[in-house]
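These are the residues of each chain, in order.
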Amino acid sequence: MAETASSIVVKHPDAEAFVASLLEASGVPTKNAKIVAWGLVQADLRGVESHGINRIPSYLARTRNGVLDPKAEPTITQVTPVVAQVDGNNGFGFPAAHAAMETAISMAQTFGIGMVSVKHSNHFGMSAWIVRQAVDAGMMSLVFTNSSPALPVWGGKSQLMGVSPIACGAPGGENSIPFILDMAPSVAARGKIHKALRRGEKIPKGWALDEEGKPTDDPERALKGVMLPMGGPKGSALAIMMDVFSGVLSGSAFAGGVTSPYDMSAPGDVGHFIVALKPDLFMGLDEFRQRMDVLYQRVVGSDKMEGVDRIYFPGEIEQLTEERRIREGIPFVQAEIDALNAEAARLGVEKIRQVR
Ligand SMILES: NC(=O)c1ccc[n+]([C@@H]2O[C@H](COP(=O)([O-])OP(=O)(O)OC[C@H]3O[C@@H](n4cnc5c(N)ncnc54)[C@H](O)[C@@H]3O)[C@@H](O)[C@H]2O)c1
């Protein structure tokens, strides 16, 4: 399926280089700028535009307002041979999460498992890029984070828990793709409402309530109200679970204390929880991979309900989008490109390179 012909298209290496140049001009060390750019562009490639390079203007506003330290480097403390703690030192969430997964992978390579808690971090965008980091190293993983209040607890009416994504992954076999689950515990991620607002679009009723507690299709009203949890009390419980593992355990903010990435008044103080696990702990790697092949084939080959053309494995739709966008480029709307180029003009770096 081709992307809409009217879109502006940017090739992913150009998007990455552009974002890295904005970040470096804002004081982010080159290595960290590349990690942030890679994580954001991964989201655009996978069709998760709500967490792509359009986040840059709000991220840079945080550095200008002094609530996010662009120069910060994450520091790592080894707690036990299989447990480490990362302090994000109020830098970008991406290098903190990347360092955490790198450390978890290294421990898992030696001991089978590595678990890392991250504190004093910031928004790390789409969780799937961190799961992907593990998959690329041949590891299974859990990637949890907490986030700013957006969701009521079940029975409540005001924002308390974050729309905090739950993500996990496992490498696939020769005849399957990796399993990559990355989902917010709400009916839809809040970033999708920001994206609709940016693009002048409506949202489906059933995603959010407005300030008066009424269902709304207006993204502006929805952002003033609350996101609806998926599966009622179960979605609310999953959001609390993300806060137990990422907030309470880590020493970061919790219980409604995380600051929104769009709030310029205070550091985010986001917490994450990251685990890497070797897939060949209980059998040989070949057998594990063959078993993933069986699972994949059974899932996608399952009998289809009426109206369904194809059954996908978790992460498969995003992988297909990525394959297409690597070839064809990433589509953007003019308002998004204008906002990015305004940052470029302010920082004195070159505009984003467009294919059309
Ligand atoms: N960092 C943060 O604080 C934060 C907060 C909220 C959301 N997010 C990000 O927002 C993104 C979007 O979250 P979401 O919950 O809206 O995602 P989503 O509903 O689009 O997808 C959730 C999961 O379901 C799978 N899926 C979707 N449709 C499918 C289908 N037809 N068949 C099989 N599997 C299918 C996807 O592969 C994915 O793993 C995520 O990447 C998440 O990390 C980040």
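Everything numeric in this text was worked out from a predicted model, so none of it was measured.

Novice: Outline the overall build of the protein chain, supporting the account with residue identities and numerical values.
Specialist: Scanning the protein chain from N- to C-terminus turns up 11 helices and 13 strands. The globule rule puts the C-alpha radius of gyration for 356 residues at 21 Å, and the 20 Å found for the protein chain is close to it. By its C-alpha atoms, the protein chain is 55 × 55 × 50 Å across when sized along the principal axes. Of the contacts made within the protein chain by residues no fewer than 6 positions apart, 64% connect residues no fewer than 24 positions apart.

Novice: Can you lay out the pairing of strand S8 (residues 166-170) for me, pointing to particular residues and giving the numbers?
Specialist: In terms of residue burial, S8 counts as a mostly covered element, since four of its five residues are buried. Where strand S5 (residues 140-145) lies against S8, four bridges are found, and the strand directions are antiparallel. Considered in S8, the bridge of Phe144 is made with Ile166. Sheet topology note: the S8/strand S9 (residues 179-183) ladder contains five bridges and is antiparallel. Residue Ile166 lies in a different strand from S9, and its bridge partner there is Met183.

Novice: Explain the sheet that holds strand S4 (residues 113-121) residue by residue, including any values.
Specialist: On the basis of which strands lie adjacent, the open sheet formed by seven strands has the order S2-S3-S4-S12-S5-S8-S9 and mixed pairing. A single partner strand is all that each edge strand has here, and the edge strands are strand S2 (75-80) and S9. On average, each strand axis in the sheet is inclined to that of its neighbour by 15°, with strand direction left out of account.

Novice: Can you explain unusual backbone geometry? Please cite residues and give values.
Specialist: Negative phi characterises most residues that are not glycine, and trans characterises most peptide bonds. For Asn89, which is not glycine, the phi torsion reads 50° and is therefore positive. Note on Asn89: 16 C-beta atoms within 10 Å, which makes it partly exposed. Phi is positive for Ala255, which is not a glycine, with a value near 50°. Here Ala255 lies in the loop between helix H8 (233-248) and strand S12 (270-277).

Novice: Give me the lowdown on the nonpolar core, citing residues and values where you can.
Specialist: Taken as a class, soluble globular proteins show a tendency for nonpolar side chains to be buried jointly. In this structure, Val19, Val36, Ala100, Ala104 and Ile274 are the most contacted members of the largest nonpolar core, which totals 87 residues. Counting residues per element, this core draws most heavily on helix H4 (residues 93-111), which supplies 10 residues. When residues are assigned to domains, this core turns out to be shared by domain 1 (8-186 + 229-280 + 293-347) and domain 2 (187-228), each giving three or more.

Novice: Any chance you could break down the site of the ligand for me, citing the residues and the numbers?
Specialist: The full set close to the ligand counts 29 residues, and Ser147, Pro165, Met183, Ala184 and Ala189 are the nearest of them. If you list the elements that add at least two residues to the shell around the ligand, you get S9, helix H6 (190-199) and helix H10 (316-328). In terms of residue class, the shell around the ligand is made up of 15 nonpolar, 10 polar and four charged. Composition of the shell around the ligand by domain shows at least three residues from each of domain 1 (8-186 + 229-280 + 293-347) and domain 2 (187-228).

Novice: A description of the domain arrangement of the protein chain should follow, citing residues and the corresponding values.
Specialist: Examined at the domain level, the protein chain breaks down into domain 1 (8-186 + 229-280 + 293-347) and domain 2 (187-228). In this complex, domain 1 contributes 18 residues to the contact, which on the side of domain 2 involves 14 residues. If you list the elements that add at least two residues to the side of domain 1 that touches domain 2, you get strand S6 (149-151) and helix H11 (334-347). For the side of domain 1 that touches domain 2, a count of residues per class yields nine nonpolar, six polar and three charged.

Novice: Lay out the packing of helix H3 (residues 56-64) against H11 in plain terms, naming residues and giving numbers.
Specialist: How two helices sit against one another is set out by the angle between their axes and by the gap between those axes. Two elements in contact, H3 and H11, have axes separated by 9 Å at closest approach and are oriented at 35°. For the pair H3 and H11, the contacting residues are Ile56, Pro57 and Leu60 in the first and Ala339, Leu340 and Glu343 in the second. In the contact of H3 with H11, the residues fall into five nonpolar, no polar and one charged.

Basis of the calculations
Residues numbered from 1 in each chain as written. Predicted model: local features only at pLDDT ≥ 70, side-chain atom pairs only at ≥ 80, totals over all residues. Helix = DSSP H or I, 4+ residues; strand = E, 2+ residues; numbered from the N terminus. Rg over C-alpha atoms; globule rule 2.2 N^0.38 Å. Contact = placed C-beta atoms within 7 Å. Buried ≥ 20, exposed ≤ 12 C-beta atoms within 10 Å, placed from the backbone. Pairing = 2+ DSSP bridges. Axes fitted to C-alpha atoms, helices over the stretch in contact; angles between N-to-C directions. Core = buried A, V, L, I, M, F, W, Y, C linked by C-beta atoms within 7 Å. Domains from an automatic or database assignment. Near = placed C-beta within 6 Å. Nonpolar A, V, L, I, M, F, W, Y, C, P; charged D, E, K, R; others polar.

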